[in-house]
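As a plain string of letters, each chain reads:
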Amino acid sequence: MAVAARALTLPAVVEELLSEMAEAARDGAPIPDEHLLSLKFVFGSSAVQALDLVDRQSITLLSSPSGRRVYQVLGSSGRTYVCLASCHYCSCPAFAFSVLRKSDSLLCKHLLAVYLSQVMRTCQQLSVSDKQLTDVLLMEKTQEAS
């Protein structure tokens, strides 16, 4: 499962919660209320916003023949952000400010939505060429510079 395959680890409580949610989803049952409450406790309002992104199927996994994997998340603002789950990175301003600069959040709602879509197996998948994936990353870098 993708939850166990993350290269860098999240805090143990988050890993445990995501694993329990994955187990529940594997059985085809809805995510239990206690897991949703725990998610809200750990991530605050970002949890509800991330679940909304998952419900709207806003997460797409782009994979290339070389094995590179990048997630695109269509944010509530209409802008698409690039997330790298392997290193817990998102290109959104909230990640740069709240996660990296202030360290008052573990993840932004986009990255949390990526992990939740993996757990709930609702992530859309798209195979692209290595060039197309490079173009996505370069386009994101250009947008950040503007």
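Residues numbered from 1 in each chain as written. Predicted model: local features only at pLDDT ≥ 70, side-chain atom pairs only at ≥ 80, totals over all residues. Heavy atoms only, no water.

- Where an unreviewed UniProt entry is consulted, the protein appears under the name Zinc finger SWIM domain-containing protein 7, with the organism given as Balaenoptera musculus.

## Points about the side chain of Ser117
Consideration 1: Looking at the element boundaries, Ser117 is found in helix α5 (residues 109-120).
Consideration 2: Of note is the side chain of Ser117, whose polar atom sits 2.8 Å from the backbone oxygen of Val114.
Consideration 3: Contacts of Ser117, omitting those with residues within four sequence positions, involve Val54, Ile59, Thr122 and Cys123. (Helix = DSSP H or I, 4+ residues; strand = E, 2+ residues; numbered from the N terminus. Polar contact = N/O pair within 3.5 Å; in protein donor to acceptor, adjacent residues only side chain to side chain. Contact = heavy atoms within 4.5 Å.)

## Digging into the nonpolar core
Consideration 1: Ranked by internal contacts, the top residues of the largest apolar core, which has 36 residues, are Leu39, Ile59, Tyr71, Leu112, Val114, Tyr115 and Leu116.
Consideration 2: If you list the elements that add at least two residues to this core, you get α1 (12-26), α2 (33-43), α3 (45-55), β1 (59-63), β2 (69-74), β3 (80-84), α4 (93-101) and α5.
Consideration 3: The element contributing the most residues to this core is α5, with 7 residues.
Consideration 4: With residues up to four places along the chain from it excluded, the contact list for Ile59 reads Leu53, Val54, Tyr71, Gln72, Val73, Ala113, Val114, Ser117, Cys123 and Gln124.
Consideration 5: Val70, Val128, Leu133 and Val136 belong to the second largest nonpolar core, which has 6 residues in total. (Core = buried A, V, L, I, M, F, W, Y, C linked by side-chain atoms within 4.5 Å. Buried < 20%, exposed > 50% of the residue type's maximum accessible area, 1.4 Å probe, protein only.)

## Observations regarding α1
Quick reminder: α-helices carry 3.6 residues per turn. Residues three or four places apart thus point the same way.
Consideration 1: Between its first and last C-alpha atoms α1 spans 21 Å; for 15 residues at 1.5 Å apiece the expected length is 21 Å, and the two agree.
Consideration 2: Within α1 the residues assigned to the buried category are Val14, Glu15, Leu17, Leu18, Met21, Ala22, Ala24 and Ala25.
Consideration 3: Contacts made by the buried residues of α1 are with α2 and α5.
Consideration 4: Gly28 lies just past α1 and shows a positive phi near 85°. (Expected span 1.5 Å × (residues − 1).)

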